[in-house]
Amino acid sequence: IEQVAAPTTAPLPERLRLVTYNTHGMSARILADALASDDLAGADVIVLQEIERHADEPLSRACAAARWRQLACAYAPGHRLGDGGDLGVAILSRAPLRDLVVLELPFIHTVLRSGRRVALAATVDTGAGPLRVVAVHLDNRITPAQRVRQLGPVLAHARAGGGPVVVAGDVNTSPFSWLGQVVPVPTGRQDDHLEASVRAAGLATPVTGSGPTSAWLGMRLDAVYTRAVEVTGFGVARAVRASDHLPLWADLEVHAAGAALVGAL
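Procedures and definitions
Residues numbered from 1 in each chain as written. Predicted model: local features only at pLDDT ≥ 70, side-chain atom pairs only at ≥ 80, totals over all residues. Heavy atoms only, no water. Helix = DSSP H or I, 4+ residues; strand = E, 2+ residues; numbered from the N terminus. Rg over C-alpha atoms; globule rule 2.2 N^0.38 Å. Buried < 20%, exposed > 50% of the residue type's maximum accessible area, 1.4 Å probe, protein only. Contact = heavy atoms within 4.5 Å. Areas by Shrake-Rupley, 256 points an atom, 1.4 Å probe, with all protein chains shown as cover. Pairing = 2+ DSSP bridges. Right-handed = clockwise from strand over helix to strand, strands pointing away.

## Describing the overall build of the protein
Then comes step 1: Each helix and strand in the protein was counted, giving 6 helices and 14 strands.
Then comes step 2: In terms of C-alpha radius of gyration, the protein reaches 17 Å, essentially the compact-globule figure of 18 Å for 265 residues.
Then comes step 3: In terms of overall dimensions, the protein has C-alpha extents of about 50 × 45 × 35 Å along its principal axes.
Then comes step 4: When the 265 residues of the protein are sorted by exposure, 57% land in the buried category.
Then comes step 5: Partitioning the intrachain contacts of the protein with sequence separation of at least 6 by distance along the chain shows that 70% fall at a separation of at least 24.
Then comes step 6: If you sum the accessible surface of the protein, you get close to 10,400 Å²; carbon and sulfur atoms cover 55% of it.

## Focus on the pairing of strand β8 (residues 129-137)
Sheet faces and side chains relate simply in a regular strand, where the side chains alternate between the two faces.
Then comes step 1: Most of β8 sits inside the fold, with 9 of its 9 residues counted as buried.
Then comes step 2: As paired strands, strand β7 (residues 118-126) and β8 are joined by 7 bridges and run antiparallel to one another. From the neighbouring strand, Ala121 faces β8, where its bridge partner is Val134.
Then comes step 3: Between β7 and β8, which follow one another and run antiparallel, lie 2 residues.
Then comes step 4: Pairing between β8 and strand β9 (residues 165-170): 6 bridges, direction parallel. Looking across to β9, one finds that Arg132 is bridged to Val165.
Then comes step 5: Crossover handedness for the path β8 to helix α4 (residues 144-161) to β9: right-handed.

Have a look at this one:
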């Protein structure tokens, strides 16, 4: 895990904004500029997917952007890139990140872009106590049942702690099935199937009304799942067009009554 320290040790407020964003391999400078946009500039926690780290760059692009924006950063590599670098997920925060864990997700072979998938979990302290944050990026061209299985380790980790948790990321719930994992066929909503499994695991699915989080075809690909956290508002930053995804934000209020239990993670 690559880390950049927070410039402060102060906790986050108990009411905070979280953003999840698939950056589609954008440069650190473009990412830093995107994070300065209106809907994202006030974010307290930012969960990123498709982050690149190249062999000729000193930091992953998430942590380089975090340093420019004066945020803490943790980056976990997934699969390798051709130049010796890697592609992974990251968590950025205004407060320190601690108790970092990389969760190995089930490998599912796909014809295109097959590779190792991981999730990254970290604890961030808030005015109401600790909050567990999990960043996740699932495969695209897989079946609904495979998608549920790939998310399984994340849901198990969230279930184990018992305290406030937010799971966020690109879960790739497109409205397609794939013939030979290549040809898309409209078959309905994969998000319904996945979110039913999330609720069965004891987490809420509070942003199902976000609308499209993709710049194309009206697809809702990104999600935020919670436990012991109230979502008081959410939306999509439709003006931020640096990626093929649109940033999804959620305003959270951590419930103090359950916060102490997160220490069991």
